[in-house]
Amino acid sequence: MQIFLFDSLSRKKREFIPLDNDNIRIYACGPTVYDYAHIGNARMAVVTDLLVRTLQTLYKNVTFVSNITDVDDKIIKAANASKKPINEITSKFQKIYEEDMENLGVQKPYKQPKATDHINEMIEMIESLIRNDCAYISEKNVLFNVRKYKFYGCLSRRSKDEQIAGSRVEVANYKKNAEDFILWKPSKDNEPGWNSPWGKGRPGWHIECSAMSKKCLGLPFDIHCGGVDLTFPHHENEIAQSCSSISPNSEPNSFCNYWFHNGFVTASGEKMSKSLGNIKLVNEILKKYDGSIIRFSLLTSHYRQPLDWSEDILKQSKKTLIKFKRIIESSEPIDSANNPKIRKYFDDFLNAIYDDLNTPKALGILNKWFEVIKKSRSTEKQYILASIIKGLEILGVNLTKIKPTLSQVDNTLQSRILKMINERDEARQNKDFKKADIIREKLKNLDIEIEDTVKGTIWRKND
RNA sequence: GGUGCGGUGGCGGAGAGGCUACGCACCGGCCUGCAAAGCCGAGUACACCGGUUCGAAUCCGGUCCGCACCUCCA
């Protein structure tokens, strides 16, 4: 079985062929830690994590590196606004990010390099670019000369002239060409700065990923991941820098072999933005829904498709997962390790995932199996069930923590509910169904749903 | 203006020339004091207009609409 991935550079689905079978190397542009992570950040992390897990089914060693951007204009702004030191902001939000992602079942990257720990590597790379005549110094800035890289635009497919024509950005007068981008810029007094051959300054945005991917993985590596919005200019510039630092006009694949981009998350069909006030924070959603439900929701559509986020997706996912949880918990577990009978079913699932991570198709297969299990009494059904469990494992969905409800009910309300249920049970025993129904109605008004089972009456709070 | 992605049943969402996924909701039935849950069953679809073909949601041409990027942004 082979894995196929859509490569944004060639815009084709390509079979994944590792550069080194014994070590698969992946890099993903990680978060800028200046605020809470939103659902878009989460999609990127979850999808990349799924890619890693998928590769791990076929390859023993998968080295996944994802950076933390801890020096940036937005961070400086956030620090000034809150009047707190920069590292207090970045360490706080890095911690929150890591906790949130852990809740979503995202495995920790093998390495999580911080930009501020790699200033020297960035300076070295900038020096090599100057040496290779691809960068120039202008008014204490160091800029990359886009005209010196003949493949510039290969990823985003933009011609330079067209770009300039429609550009909304004002061209700084220290640039030779409008598209040239900053590698190093002087720091103002109140900004963080490092000594460099060009004076006290700080790095431009793009150079960090080039420097850290090279340092942590070596060049070239297998797959570079990120959100589609990063295609231009961030990834385009990374290619230009990384390749030009090797030697002028190095081919794009001297940097990395596959480009993996995930689609955007929107809210009510529009981009999440602070001005619209429609940013959905992972931290907030986690208060109401288990991380596995959020993760599952993110996987209900294909990773390259746009995803319009809504509470409906969460509700539906929750239902589906509770359905799976019930059937799994009511069945006897079997040892699933390398059982050929399981393999037979499980390969169907794997094939869907191996086909450019087609999670909706894979989920469809899981649901079909679910139907089979319901109808079948044969021993075959336990193999199918084991396949469902294995499938959910690949998806990184952990059912153990999912409860029918996550809503908090305080003790007073709880005892009140139990009292009412007792009253109702008494009424039912006395065949006073009218009274019983009135009590149920009252509970319903408190958002409490009840269910009479053989084991007695159970209740849950509706979200 | 340029670049890219997309428009599939009430909703979500795969598929990519004949096998018309899948889930949620809805409807009918079983079960139940009644509900709920569970089970059984039915229906509804490929933005529009042309063309190719025995056959198109899928290929070709055109039209309309939506979103994103081109500026920090996952």
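In this text the structure is predicted, and so the values were computed from the model without any measurement.

A. Focus on the packing of helix H1 (residues 39-56) against helix H9 (residues 291-299). Running from N to C, H1 and H9 point in directions that differ by 80 degrees, and their axes come no closer than 10 Å. Relative to H9, the element H1 lies roughly perpendicular. Touching Ile39, Ala42, Arg43, Val46, Asp49, Leu50 and Arg53 of H1 are Ile294, Arg295, Leu298 and Leu299, all from H9. Tallied by class, residues from the contact of H1 with H9 come to 7 nonpolar, no polar and 4 charged.

B. Broad picture of the nonpolar core. One finds Ile26, Leu55, Ile223, Ile294 and Trp309 to be the most contacted residues of the largest nonpolar core, which totals 78 residues. In terms of residue count, H1 provides more of this core than any other element does, 10 residues in total. Not counting residues up to four positions away in its chain, the partners in contact with Trp309 are Ile39, Val265, Thr266, Ala267, Ser268, Lys280, Ile285, Ile294, Ser297, Leu298 and Leu314. Grouped together as the second largest cluster of nonpolar side chains are 38 residues, Tyr27, Ile126, Trp184 and Ile239 included.

C. The side chain of Ser210, seen in detail. You can see Ser210 is positioned in helix H6 (residues 207-217). We classify Ser210 as buried; its relative accessible area is 0%. Separated by 3.4 Å, the side chain of Ser210 and the backbone oxygen of Glu238 make a polar contact. Every residue in contact with Ser210, bar those within four places of it in the chain, is listed here: Met125, Glu238, Gln241 and Ser242.

D. Here's a closer look at the packing of aromatic side chains. This model, assessed by the stated rule, comprises 13 aromatic pairs. Between the aromatic rings of Phe221 and Phe255, the centroid separation amounts to 5.3 Å while the plane-to-plane angle is 80 degrees, which identifies the pairing as edge-to-face. Note that Phe221 is positioned in strand S9 (residues 221-227) and Phe255 in the loop between helix H7 (231-246) and strand S10 (256-262), a separation of 34 residues in sequence. Here the two residues Phe221 and Phe255 agree in accessibility, since each one is buried. By the ring-pair criterion, three or more aromatic residues cluster together here, those being Tyr27, Phe221, Phe255 and Trp259. Directly above the aromatic system of Phe6 lies the positively charged group of Arg304, at a separation of 4.0 Å from the ring centroid. Sitting over the ring of Phe346, Lys390 keeps its end group 5.0 Å from the ring centre.

E. The arrangement of the environment of Pro109 in detail. Locating Pro109 in the fold gives a position in the loop between helix H3 (86-103) and helix H4 (119-131). Spatially, the C-alpha atoms of Pro109 and Lys374 are 39 Å apart, while their sequence positions differ by 265 residues. The residues touching Pro109, leaving out its near neighbours within four places in the chain, are Phe64 and Ser66.

F. Main features of the sheet that holds strand S13 (residues 307-309). If you trace the 3 strands from one edge of the open sheet to the other, you get S12-S11-S13, paired in mixed fashion. Bordering the open sheet on either side are strand S12 (270-271) and S13, each of which pairs with just one other strand. In the sheet, strand S11 (residues 265-267) pairs with S12 via 2 bridges, with the strands oriented antiparallel. The residue bridging Ala267 from the neighbouring strand is Glu270, located in S12.

G. Molecular detail of the sheet that holds strand S7 (residues 181-186). Reading across the sheet, the 4 strands line up as S5-S6-S7-S8 and stay open at both edges, with antiparallel pairing between neighbours. Because the sheet does not close on itself, it has two edges, and the strands there are strand S5 (135-138) and strand S8 (201-203). Strand-to-strand, the axes of this sheet are offset by a mean angle of 20 degrees, without reference to chain direction. Pairing geometry for strand S6 (residues 141-144) and S7, over 3 bridges, is antiparallel. Bridging from a neighbouring strand, Phe144 pairs with Phe181 of S7.

H. Up close: the confidence of the model for chain A. Chain-level statistics for chain A give a pLDDT mean of 89 and a share of 94% at 70 or above. Mean pLDDT across the elements of chain A ranges from a minimum in helix H5 (residues 160-166), with 52, to a maximum in strand S4 (residues 62-66), with 97.

Cut-off values and rules
- Residues numbered from 1 in each chain as written.
- Chains lettered and ligands numbered in written order.
- Predicted model: local features only at pLDDT ≥ 70, side-chain atom pairs only at ≥ 80, totals over all residues.
- Heavy atoms only, no water.
- Axes fitted to C-alpha atoms, helices over the stretch in contact; angles between N-to-C directions.
- Helix = DSSP H or I, 4+ residues; strand = E, 2+ residues; numbered from the N terminus.
- Parallel < 35°, antiparallel > 145°, perpendicular 65-115°, else oblique.
- Contact = heavy atoms within 4.5 Å.
- Nonpolar A, V, L, I, M, F, W, Y, C, P; charged D, E, K, R; others polar.
- Core = buried A, V, L, I, M, F, W, Y, C linked by side-chain atoms within 4.5 Å.
- Buried < 20%, exposed > 50% of the residue type's maximum accessible area, 1.4 Å probe, protein only.
- Polar contact = N/O pair within 3.5 Å; in protein donor to acceptor, adjacent residues only side chain to side chain.
- Phe/Tyr/Trp six-rings, centres within 6.5 Å; stacked < 30°, edge-to-face > 60°.
- Lys NZ or Arg CZ within 6 Å of the ring centre and 35° of its normal.
- Pairing = 2+ DSSP bridges.
- pLDDT = per-residue confidence, 0-100.

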